[in-house]
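Observations on the three-dimensional arrangement
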Amino acid sequence: MGSTGFVVGLTGGIGSGKSTVAGLFEKLGAGIVDTDVIAHLLTQSGGTAIAPIRAAFGPDFIADDGALDRAKMRKLIFSDAAAKHRLEQILHPLILEQARVEMAQMQEKPYIILVVPLLPESPAFRQLIRRMLVVDSAEATRIARVMDRSRIDATEVRNIIAQQTPRAERLKMADDVIHNDAGLDSLAEQVAVLHGRYSAMQNSN
């Protein structure tokens, strides 16, 4: 664990509201390290992952602006498990390295929320955390949220959900669960309760 303090892994299926929950924790003073944000930085123009992605997948997967062509890559990895694995082998070590750097810079925070969408199937990230927090909401709600924000159709969202850890399995692994079906006030209340709990756990370390 080292000197990174008390780390809570925040996860949940696509569209469950992880970013919203992370934002609420951040307002209460938690340190936030978001692996999705890190992945975006690594795959933008000039990002560390661009050269190895170009070498592994060819120039067709790099957009004209020099960033990863995300739509094209998403289509490929959802139809080709070997390609998905190849992409993960490039990205995961780079994300992990950057996450460790960011966590080390947050030692003054009461605790750290590490946002990892695929935490259940990422052993290297699970080693960094003390508790797993799952944001959960009904599948229909999640599909509607993703369609709303990403302009992809319901079939594609269902395909993504089908490739993620099943909901029941994720909940079984959870130390804590936040239910995100009843609006922002309910969410903020649940976050406030957990903030108190995590701060106390950090102090009792």
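Everything below is about the structure shown above.
If you're wondering where the values come from, they're calculated on a predicted model, not measured in any experiment.

**Digging into the overall build of the protein**
- The helix and strand inventory of the protein stands at 10 helices and five strands.
- What you see for the protein is a C-alpha radius of gyration of 17 Å, in line with the 17 Å of a compact globule of 205 residues.
- Dimensions of the protein, computed from C-alpha atoms along their principal axes, come out at roughly 50 × 40 × 30 Å.
- A burial count over the protein gives 46% of its 205 residues as buried.
- Taking all contacts inside the protein whose residues are at least 6 apart in sequence as the whole, residues at least 24 apart take part in 71%.
- About 10400 Å² of surface is accessible on the protein, with carbon and sulfur atoms providing 52% of the total.

**Some thoughts on the environment of Glu-108**
- Its place among the elements puts Glu-108 in the loop between helix H5 (81–104) and strand S3 (112–115).
- Overall, the relative accessible area of 60% leaves Glu-108 in the exposed class.
- Taking the C-alpha atoms as reference points, Glu-108 and Gly-9, separated by 99 residues in sequence, lie 18 Å from one another.

**Digging into helix H10 (residues 184–203)**
- Spanning 20 residues, H10 covers 28 Å between terminal C-alpha atoms, matching the ideal 28 Å at 1.5 Å per step.
- Taken together, the buried positions of H10 are Leu-187, Gln-190, Val-191, Leu-194, His-195, Tyr-198, Ser-199 and Gln-202.
- In this structure, the buried residues of H10 make contact with strand S1 (7–11), helix H1 (18–27), S3, strand S4 (131–136) and strand S5 (176–179).

**Considerations on the environment of Phe-6**
- With respect to the element layout, Phe-6 can be found in the segment before S1.
- The class for Phe-6 is buried, based on a relative accessible area of 4%.
- In the structure, Phe-6 is positioned 41 residues away from Gly-47 in sequence and 29 Å away in space, judged by C-alpha atoms.

The rules behind the values
Residues numbered from 1 in each chain as written. Predicted model: local features only at pLDDT ≥ 70, side-chain atom pairs only at ≥ 80, totals over all residues. Heavy atoms only, no water. Helix = DSSP H or I, 4+ residues; strand = E, 2+ residues; numbered from the N terminus. Rg over C-alpha atoms; globule rule 2.2 N^0.38 Å. Buried < 20%, exposed > 50% of the residue type's maximum accessible area, 1.4 Å probe, protein only. Contact = heavy atoms within 4.5 Å. Areas by Shrake-Rupley, 256 points an atom, 1.4 Å probe, with all protein chains shown as cover. Expected span 1.5 Å × (residues − 1).

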